[in-house]
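Analysis of the macromolecular model
Spelled out from the first residue to the last, the chains are:
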Amino acid sequence: MATGRTHRPATRSRGIPEATVARLPLYLRALTALSERSVPTVSSEELATAAGVNSAKLRKDFSYLGSYGTRGVGYDVEYLVYQISRELGLTQDWPVVIVGIGNLGAALANYGGFASRGFRVAALIDADPAMAGKPVAGLPVRHTDELESIITDNGVSIGVIATPAGAAQQVCDRLVAAGVTSILNFAPTVLSVPEGVDVRKVDLSIELQILAFHEQRKAGEETSPAQETAVAAAAQPRSGAGMRTPAAGGGRKGPDGDVPAVMPA
């Protein structure tokens, strides 16, 4: 089997748009599930639904691969699995190093999805001398002093950074200098890389913040105008026995000064 350092995927040379490339793994995941159930063919509508895209976009994406399906039959599942795997470079062996073997790095090392998709974890690397030699996911952790030699000896072109933010750029620089041209970054920081080096950033906190935004929007849509008026009215102080009516334009006193009667949204 060829190694990742001598063979590159054909997607760029064939002019496949980046947006299409980003969707190919979604199609492959859906197709793999169909293959495991021994489903021979699938329609564009069924596959689009399984992948979470619309069927017109799916057919356009597949046209870049030269695959158009058969009218009344659909797409051959096994052939599409092979075709997409080939375009993504998954028919080759891609040795990967993971740098930073804390909780996240160890979890990544134990993730079985790497091997099943053609990514062989060649080495686990950490800066802590106490970690050196300790087995994680069946591999002994190596010290960062060995990083360059590990990359050279294993023909590594893909590096995974799971270090704290403060160490990520230095690790990135060393990976690139040693010949790594693709980096998957889990550190909560933006990496600076030279031309020709690809970086994919995975930030779980950002994804959660985006979900929180959508949850807030959904909650706002579920609140009717009448409910909003009632809530605002309930928040207004009322005059009456034992209560002081605030002066016009003012609010009640708080530890930091005047507090508006109704807090701004």
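How each quantity is defined
- Residues numbered from 1 in each chain as written.
- Predicted model: local features only at pLDDT ≥ 70, side-chain atom pairs only at ≥ 80, totals over all residues.
- Heavy atoms only, no water.
- 1 Å grid on protein atoms, 1.4 Å probe; cavity = no way out; pocket = protein on both sides within 12 Å on 5 of 7 lines; lining within 4 Å.
- Points joined across faces, edges and corners; volume = space filled by probe spheres on them.
- Helix = DSSP H or I, 4+ residues; strand = E, 2+ residues; numbered from the N terminus.
- Nonpolar A, V, L, I, M, F, W, Y, C, P; charged D, E, K, R; others polar.
- Buried < 20%, exposed > 50% of the residue type's maximum accessible area, 1.4 Å probe, protein only.
- Arc of directions from axis to C-beta.
- Pairing = 2+ DSSP bridges.
- Axes fitted to C-alpha atoms, helices over the stretch in contact; angles between N-to-C directions.
- Left-handed = near helix turned anticlockwise from the far one by under 90°.
- Contact = heavy atoms within 4.5 Å.
- Core = buried A, V, L, I, M, F, W, Y, C linked by side-chain atoms within 4.5 Å.
- Salt bridge = Lys/Arg side-chain N within 4 Å of Asp/Glu carboxyl O.

With that settled, the discussion passes to the layout of surface pockets. Each pocket or cavity is described by its volume, and for the second largest pocket that value is around 200 Å³. Ala-127, Thr-144, Thr-163, Ala-167 and Val-171 are, among the 16 residues lining the second largest pocket, the residues nearest its centre. If you list the elements that add at least two residues to the lining of the second largest pocket, you get β4 (119-126) and α8 (165-177). For the lining of the second largest pocket, the class distribution of residues is 9 nonpolar, 5 polar and 2 charged.

All right, on to helix α7 (residues 147-154) then. Every α-helical turn comprises 3.6 residues, leaving residues that sit three or four positions apart pointing alike. Residues of α7 that are buried include every one of Leu-147, Ile-150 and Ile-151, and no others. The buried residues of α7 occupy an angular sector of 95° when projected down its axis, which confines them to one face. Exposed and facing more than 90 degrees away from the buried side of α7 are Thr-152 and Asp-153. Just past α7, the residue Gly-155 takes up positive phi, approximately 60°.

Another aspect to go through is the pairing of β4. Sheet topology note: the strand β3 (residues 94-99)/β4 ladder contains 6 bridges and is parallel. Residue pairing across strands places Ile-98 opposite Leu-124, the latter belonging to β4. For β4 and strand β6 (residues 139-143), the ladder comprises 3 bridges, and the chain directions are parallel. Within the sheet, the bridge partner assigned to Leu-124 lies in β6 and is Val-141.

This paragraph deals with the packing of helix α1 (residues 18-36) against helix α4 (residues 77-87). Two quantities define a packed helix pair, namely the angle between the axes and the distance from one axis to the other. For the pair α1 and α4, the least separation of the axes is 9 Å and the interaxial angle reads 145°. The two elements α1 and α4 cross, and the hand of that crossing is left-handed. Of the residues in α4, those in contact with Leu-24, Tyr-27, Leu-28, Leu-31, Thr-32, Leu-34 and Ser-35 of α1 are Val-77, Glu-78, Leu-80, Val-81, Ile-84, Ser-85 and Glu-87. Across the contact of α1 with α4, the residue classes break down as 9 nonpolar, 3 polar and 2 charged.

Core analysis: the biggest nonpolar cluster contains 23 residues, and Tyr-27, Leu-31, Val-42, Leu-47, Leu-58, Phe-62 and Ile-84 have the highest contact counts within it. For this core, the secondary-structure elements that each account for two or more residues are α1, α2 (44-51), α3 (55-65) and α4. Among the elements that take part in this core, α1 stands out by supplying 7 residues, more than any other. Each residue touching Ile-84, except ones within four places of it in the same chain, is listed here: Leu-24, Tyr-27, Leu-28, Leu-31, Phe-62 and Leu-65.

What follows concerns the sheet that holds β4. The strand order across the open sheet built from 7 strands is β5-β6-β4-β3-β7-β8-β9, with neighbouring strands paired in mixed fashion. At either end of the open sheet lies a strand with only one pairing partner, and these are β5 (135-136) and β9 (198-201). Examined bridge by bridge, β3 and strand β7 (residues 158-161) share 4 bridges and lie parallel to one another. Within β7, the position partnered with Val-97 by the bridge is Gly-159. Contacts between α7 and the sheet are confined to β3, β4 and β6, with β4 contributing the most and set at about 165° to the helix. Strand contacts of α8: β3, β7 and β8 (182-185), with the helix running at about 170° to β7, the strand carrying the most contacts.

This part takes up the pattern of salt bridges. Taken as a whole and judged by the stated rule, the model has 8 salt bridges. With a closest N to O distance of 3.9 Å, Glu-87 and Arg-86 form a salt bridge. Arg-86 gets classed as partly exposed once you look at its relative accessible area, which sits at 33%. The closest approach of N and O atoms between Asp-203 and Lys-201, which form a salt bridge, is 3.7 Å. Overall, the relative accessible area of 36% leaves Lys-201 in the partly exposed class.

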